[in-house]
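Structural overview for review
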Amino acid sequence: MRNALLIGLCLFLGGCGPAGQVKTYPVKGVVKFDGKPMVGGGAISLVPVTDQSGKTAGGTIQPDGTYVLGTYKENDGSMAGEFRVVIYQETVKEEKATPDGAAPTVRASADVPMADRIPMVYSSTETPLTAKIETKANVIDFDLKRQ
């Protein structure tokens, strides 16, 4: 009975999760560069602005610029708070290994022309991008600009 009350209280307060996980909220959006979906895809991650406990979120940016964040599992969102947003653009496709360990059949190539590459500032901890994750479903789009 006592355990049921503790579990109910924990769920009511919303701060508890499996194995002490911080509650997460859905986050998705689109990353654009000069008004068009960011070429090449890449990765997006959040860095807390303040000292807060919990694991930070990240996700894959698809070739069409869309992303969905995950913290403990794919697409489960992010904890609430203020974050710096770090965006990494995949500009070179890596060599693909063959299953039998033979030499790769596809060599690395620069797939993203220089004109479509985002400024390096967006992929550093000095990024000017910030986001506020609220205790609800969040849709956050970014339109990156040339510096």
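Please refer to the structure higher up on the page.
Below is a short write-up of the structure. (Residues numbered from 1 in each chain as written. Predicted model: local features only at pLDDT ≥ 70, side-chain atom pairs only at ≥ 80, totals over all residues. Heavy atoms only, no water.)

A positive phi angle, near 55°, is found at Asp34, a position not held by glycine. Among the secondary structure elements, Asp34 is positioned in the loop between strand S1 (27-33) and strand S2 (36-37). The backbone of Asn75 shows a phi angle near 70°, a positive value even though the residue is not glycine. Looking at the element boundaries, Asn75 is found in the loop between strand S5 (66-68) and strand S6 (81-89). Judged by its relative accessible area of 44%, Asn75 is partly exposed. (Helix = DSSP H or I, 4+ residues; strand = E, 2+ residues; numbered from the N terminus. Buried < 20%, exposed > 50% of the residue type's maximum accessible area, 1.4 Å probe, protein only.)

A few words now on the sheet that holds S6. Read across the open sheet, the four strands follow the order S4-S3-S6-S9; overall the sheet is antiparallel. Strands at the two margins of the open sheet, each flanked by one partner only, are strand S4 (58-61) and strand S9 (130-133). Sheet twist, expressed as the mean angle between neighbouring strand axes with direction ignored, is 35°. Across four bridges, the pairing between S6 and S9 is antiparallel. Pairing of Gly81 across the sheet is with Ile133, part of S9. (Pairing = 2+ DSSP bridges. Axes fitted to C-alpha atoms, helices over the stretch in contact; angles between N-to-C directions.)

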